[in-house]
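In case you want the letters, here they are:
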Amino acid sequence: MRYSKLFGKSRKSIPTDAESANAKYLLKGGFVEQLSAGIYTWLPLGLRVLRKVENIVRQEMENLGAQELLMPALHPKENWEKTGRWKTMDVLFKVKSQTGKEYALGATHEEVITPLVARFVQSYKDLPVHLYQIQTKYRDELRAKSGVLRGREFGMKDLYSFHRNHEELQAFYPEAIRAYNEIMNRMGMEIRVTEASGGPFTEKYSHEFHILTPAGEDALVICGSCDFAQNKEISKFKKGGECPKCGKTLSEAKGIEVGNIFDLGTKFADTFELSFTDEEGKKQKVWMGCYGFGTTRMVGAVVEASHDERGIVWPKSIAPFDVQVVEVKSKKPEVRAAAEDLIRDLEQHHGVDVLYDDRDDASAGEKFADADLIGIPLRLVVSEKTLAKDSVEWKFRAQKEATLFPSKEVVGKVVEWVNA
Ligand code: ATP
Ligand code: MG
């Protein structure tokens, strides 16, 4: 991809007062554009990151044995009245048809998936079943803020699991936690699994997945010695107190909630009469779990956790491109020829994703600043200077030092690094 042709380039100034790092860098870098408070367009550069996040999530859901489907975002009012949430869910967007019929915009999908599964599940042989989607959600958030962290329209992966009994659900639950940990590992992020409110109808905890960063909205009580963590909202413990698990001293930290999983019991199955016939021919209730993961919030959370004063530092697995090639403008045609040779070799012969800064109207300084802002993990520079030494300059975004590699070796080195 030639940067001169890319739709949505970096900007010196941004239209909104971006208070958070993710809003600032994603807007400045040309990853997203704001349509209205909490509503964003994903520009080509940002969409590449979002798709990579989605694909990692998708792969781990498939590894978990879940099947992907896609449910509507427009839901008839009746489904939401059945669970009572038409009235009680304050963030539910409601729309009215010209015919007078009312709808909700999907804020979550229990109201759709439970009756759906009831149509297909009859016997114990049909269970367990695990279904997920990666879809756009709508929530009438009072305050949309912090860039893509809290939107009114946002992306979520939602998985729902259906089981024959509580034991089966309880056995699956830790597998879901493992999958979430794997997702986070692959994105180079550390996570805290945190006990949190299970919702208004239960005494049980749900589990939230937090990326610890001062930019986080949630306050957590955590142990520095073991894995104990609770959301402060529900915690009986305090900073400075004794960890109930290991006895060491508790502290407080801020986190961004990127995932939240619940044991729903038979709550929704009861409402939508989702049951099955067991081995003895007896009718039984279906047990249900739900597992949410914010895909668009994740992109923002990574920026919050991985940036410096110059811009974003993408982990390799979700970077929009593998390599950024910066061509320092020169009157000598050999410079452009060398850059183009390098890119052809990387892209066409080795399938490496390259962003090639070929702009004629940008100085070397501007190109370097933009490369730092955009945050692609590896930067290669081709200039008169490097050419004179028959070499290419190599620099990782996350490191300070640059090194020179002989031109002949550089493609091999890049391919090795990409596949590492
Ligand atoms: P929060 O407490 O931050 O409002 P929530 O607990 O209401 O979120 P869930 O219903 O648990 O959210 O949704 C699952 C996941 O969807 C969250 O963990 C988060 O990653 C994401 N998410 C929820 N609300 C938003 C939002 N307004 N904008 C972006 N992502 C969101
Ligand atoms: Mg939550």
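Parameters at a glance
- Residues numbered from 1 in each chain as written.
- Chains lettered and ligands numbered in written order.
- Predicted model: local features only at pLDDT ≥ 70, side-chain atom pairs only at ≥ 80, totals over all residues.
- Heavy atoms only, no water.
- Pairing = 2+ DSSP bridges.
- Helix = DSSP H or I, 4+ residues; strand = E, 2+ residues; numbered from the N terminus.
- Axes fitted to C-alpha atoms, helices over the stretch in contact; angles between N-to-C directions.
- Contact = heavy atoms within 4.5 Å.
- Salt bridge = Lys/Arg side-chain N within 4 Å of Asp/Glu carboxyl O.
- Buried < 20%, exposed > 50% of the residue type's maximum accessible area, 1.4 Å probe, protein only.
- Domains from an automatic or database assignment.
- Buried area = accessible area lost by both parts, 1.4 Å probe.
- Polar contact = N/O pair within 3.5 Å; in protein donor to acceptor, adjacent residues only side chain to side chain.
- Near = heavy atom within 4 Å.
- Areas by Shrake-Rupley, 256 points an atom, 1.4 Å probe, with all protein chains shown as cover.
- Nonpolar A, V, L, I, M, F, W, Y, C, P; charged D, E, K, R; others polar.

Enquirer: Break down the sheet that holds strand E23 (residues 402–406) for me, with residues and values.
Expert: In spatial order, the strands read E20-E19-E21-E22-E23; together these five strands make up an open sheet with mixed pairing. The sheet terminates laterally at strand E20 (354–357) and E23, the two strands that pair on one side only. Adjacent strand axes in the sheet meet at a mean angle of 25°, parallel and antiparallel pairs treated alike. For strand E19 (residues 323–327) and E20, the ladder comprises four bridges, and the chain directions are parallel. The residue bridging Val 326 from the neighbouring strand is Asp 357, located in E20. Where helix H10 (residues 364–374) meets the sheet, it contacts E19, E20 and strand E21 (378–382), and its direction lies at approximately 170° from that of E19.

Enquirer: Which residues make up the sheet that holds strand E4 (residues 74–76), and what values do they have?
Expert: Read across the open sheet, the three strands follow the order E4-E6-E5; overall the sheet is antiparallel. Here the strands that pair on one side only, and so sit at the sheet edges, are E4 and strand E5 (93–96). Strand after strand, the sheet turns through a mean of 40° between neighbouring axes, direction not considered. Here four bridges tie E5 to strand E6 (residues 102–105), and the two strands are oriented antiparallel to one another.

Enquirer: Quick one: what's the story with the pattern of salt bridges, residue by residue and with numbers?
Expert: Taken as a whole and judged by the stated rule, the model has 34 salt bridges. With its nearest N and O atoms 3.4 Å apart, the salt bridge here joins Asp 358 to Arg 2. Pair noted here: Asp 358 is in the loop between E20 and H10 and Arg 2 is in the segment before helix H1 (21–28), with a separation of 356 residues, a long-range link. On the basis of relative accessible area, Asp 358 is assigned to the buried category, the value being 5%. Accessibility expressed as a relative area gives 32% for Arg 2, which makes it partly exposed. We note a salt bridge from Lys 204 to Asp 263, for which the minimum N-O separation is 3.5 Å. In this pair, Lys 204 is assigned in the loop between strand E9 (192–197) and strand E10 (205–212) and Asp 263 in strand E13 (residues 250–265), connecting sequence segments 59 residues apart.

Enquirer: Would you mind going over the domain arrangement of the protein chain in detail, with residue names and values included?
Expert: Per the domain assignment, the segments of the protein chain are domain 1 (3–308) and domain 2 (321–419). Taken together, the contact pairs 13 residues of domain 1 with 13 residues of domain 2. Roughly 1,100 Å² of surface becomes buried between domain 1 and domain 2 when both sides are summed, with 57% attributable to carbon and sulfur atoms. The largest share of the area that domain 1 buries against domain 2 comes from Tyr 3, Ser 4 and Arg 48, three residues that together contribute 45% of it. Among the ionic pairs, Arg 397 bridges to Asp 308, the shortest N-O distance being 2.8 Å. If you look at where domain 1 meets domain 2, you find five residue pairs in polar contact (both at pLDDT 80 or more).

Enquirer: Got a sec to walk through the site of ligand 1? Specific residues and values, please.
Expert: Around ligand 1 sit 13 residues, and of these Arg 139, Glu 141, Arg 150, Gly 151 and Glu 257 come closest. Between Arg 150 and ligand 1, the recorded distance is 2.8 Å, taken from a side-chain N or O atom to an oxygen atom. With the chains in place, 83% of the 580 Å² that ligand 1 exposes on its own is no longer accessible. Only strand E8 (153–163) and E13 provide two or more residues apiece to the shell around ligand 1. No other element matches E13, which puts four residues into the shell around ligand 1. Looking at the shell around ligand 1, its residues break down into four nonpolar, four polar and five charged.

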